[in-house]
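Tertiary structure, described
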Amino acid sequence: MAEPRTDVDAGSADHDVSAGLRELAADTARRPLLVALDFDGTLAPLVDDPSASRALPGAAAALVRLVELPASARVHVALVSGRALGDLHTLAHPPVGTFLIGSHGAERARVTAFGLDRDVVQLDDDVADRLASLGAEVAAVARGRDGVWVETKPTAVVVHTRLAPDDVAEVAEAEALEVGARLGTNVLHGKDVVEISVLHASKGDAVTALRNELGARVVVYVGDDVTDEHAFAALGPDDVTVKVGAGETIAEYRVDGPDDVVEALTALVGALAGATTP
């Protein structure tokens, strides 16, 4: 595997991603190809109510076209999210054949015609007890604070602060980080969230594992959150990394928002389809 990219300056990530993806698609020696995409803020615009999140129609259409490319194209598609798998599956409506990575890498499944074919996550008694303790302590962090709420996942708890006033969010996140330092194995501080997991997991580890299983020569990874930087860092100079939105990044490319992601994916799938046409 290529060495992780660490030398890409944030200011250099603004050249034409669509042109780069067309060039990638034209080179059949760079297959198998894994296209891995974050969901919220990447395929779907960020919204205050997480249950209302939906992929843009053009993004959903591009996903279907990517998954339905002929086997000779040697293209695999994955959605990589901090959401729990069931939530991601329900909201993203991914087509059959899509790989799903949830809970920042702690959960994985593949979409089949009969539902999700999941990799089962099992916790031993001590870890399960620690998860229960985490749930109780972060519930106290949220209690009495407007706009702060807690989500429970199979291996983690998450404190959300997107709807809270800035001063309330700052205190809640600081308290959640303190709980995570005591009880968590892995703590992720993202956009308006603190996720505390009882297992070690990251998007970078999960994408690397999937890439190795599929034998992918090149990975295209697109994401908007600070947690997606773990995936960018795990990839190499021959891969294609795309940061969505503002903020420091080590990604090769940058686009402004989900509409630009749709444009880039449409360019990629069109070029892939053309490259595999007899």
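Up top you'll find the structure we're talking about.
Keep in mind the model is a prediction, meaning the values are calculated, not measured.

Ranked by size, the top nonpolar core spans 44 residues in total, and within it L43 and L66 carry the most contacts. Sorting elements by how many residues they give to this core places helix α8 (residues 258-275) first, with 8 residues. Excluding residues within four positions of it along the chain, L66 makes contact with V35, V75, V77, L265, L268, V269 and L272. With 18 residues, the next largest nonpolar core counts A142, V159, A176 and V198 among its residues.

Here the focus is the packing of helix α2 (residues 57-67) against α8. Direction vectors running N to C along α2 and α8 enclose 25°, while the axes themselves pass 9 Å from each other. Judged on the interaxial angle alone, α8 and α2 are roughly parallel. α8 is crossed by α2, and the crossing has left-handed handedness. Residue-level inspection shows G58, A59, A62, R65 and L66 of α2 in contact with α8, the latter providing V262, L265, T266, L268, V269, G270 and L272.

Take unusual backbone geometry next. Of note, the amide linkage connecting R31 to P32 takes the cis form, showing an omega dihedral of 0°. As for its placement among the helices and strands, P32 is situated in the loop between α1 (17-26) and β1 (33-37). Unusually for a residue other than glycine, D192 sits at a positive phi of about 60°. Here D192 is to be found in the loop between β8 (186-190) and β9 (193-197).

So, about the sheet that holds β1. The 8 strands are arranged β5-β4-β3-β2-β1-β10-β11-β12 in an open sheet whose pairing can be described as mixed. Looking along the sheet, the strands with just one partner apiece sit at the ends: β5 (115-119) and β12 (253-255). Taking each pair of neighbouring strands and ignoring which way they run, the sheet shows an average axis angle of 20°. With 3 bridges joining them, strand β2 (residues 75-80) and strand β3 (residues 99-102) adopt parallel strand pairing.

The next subject is the pairing of strand β11 (residues 240-244). Within β11, 5 of the 5 residues are buried, which leaves the element mostly enclosed by the surrounding structure. The two faces of β11 match: V240, V242 and V244 on one face and T241 and K243 on the other face are all buried. Taken together, the 4 bridges between strand β10 (residues 218-223) and β11 define a ladder with parallel strand orientation. By the bridge assignment, V222 is partnered in β11 with V242.

This brings us to the sheet that holds β9. Spatially, the 4 strands line up as an open sheet ordered β6-β7-β9-β8, and their pairing is antiparallel. In the strand order of this sheet, the two ends are held by β6 (149-152) and β8, each with one partner. For this sheet, the mean angle separating the axes of adjacent strands, direction not counted, is 15°. Note: β8 against β9, 5 bridges, orientation antiparallel. By the bridge assignment, N186 is partnered in β9 with S197. Across the sheet, helix α4 (residues 125-142) touches β6, β7 (156-160) and β9, and the angle it forms with β7 is around 10°.

Structurally, T42 is set in the loop between β1 and α2. Among the polar contacts listed, one links the side chain of T42 to the backbone nitrogen of D224, at a separation of 3.5 Å. In this view, T42 contacts V222, G223, D224, V244, P258 and V261; residues no more than four positions away in its chain are not counted.

So, about the packing of α1 against α8. It is at 8 Å that the axes of α1 and α8 come closest, and there the two elements cross at 20°. It follows that α1 is roughly parallel to α8 by the angle criterion. In this structure, α1 meets α8 at a crossing whose hand is right-handed. Each of V17, S18, L21, R22 and A25 in α1 lies in contact with α8, whose residues at this interface are E263, A264, A267, L268, A271, L272 and A275. Classifying every residue of the contact of α1 with α8 gives 9 nonpolar, 1 polar and 2 charged.

The rules behind these values
- Residues numbered from 1 in each chain as written.
- Predicted model: local features only at pLDDT ≥ 70, side-chain atom pairs only at ≥ 80, totals over all residues.
- Heavy atoms only, no water.
- Core = buried A, V, L, I, M, F, W, Y, C linked by side-chain atoms within 4.5 Å.
- Buried < 20%, exposed > 50% of the residue type's maximum accessible area, 1.4 Å probe, protein only.
- Helix = DSSP H or I, 4+ residues; strand = E, 2+ residues; numbered from the N terminus.
- Contact = heavy atoms within 4.5 Å.
- Axes fitted to C-alpha atoms, helices over the stretch in contact; angles between N-to-C directions.
- Parallel < 35°, antiparallel > 145°, perpendicular 65-115°, else oblique.
- Left-handed = near helix turned anticlockwise from the far one by under 90°.
- Pairing = 2+ DSSP bridges.
- Polar contact = N/O pair within 3.5 Å; in protein donor to acceptor, adjacent residues only side chain to side chain.
- Nonpolar A, V, L, I, M, F, W, Y, C, P; charged D, E, K, R; others polar.

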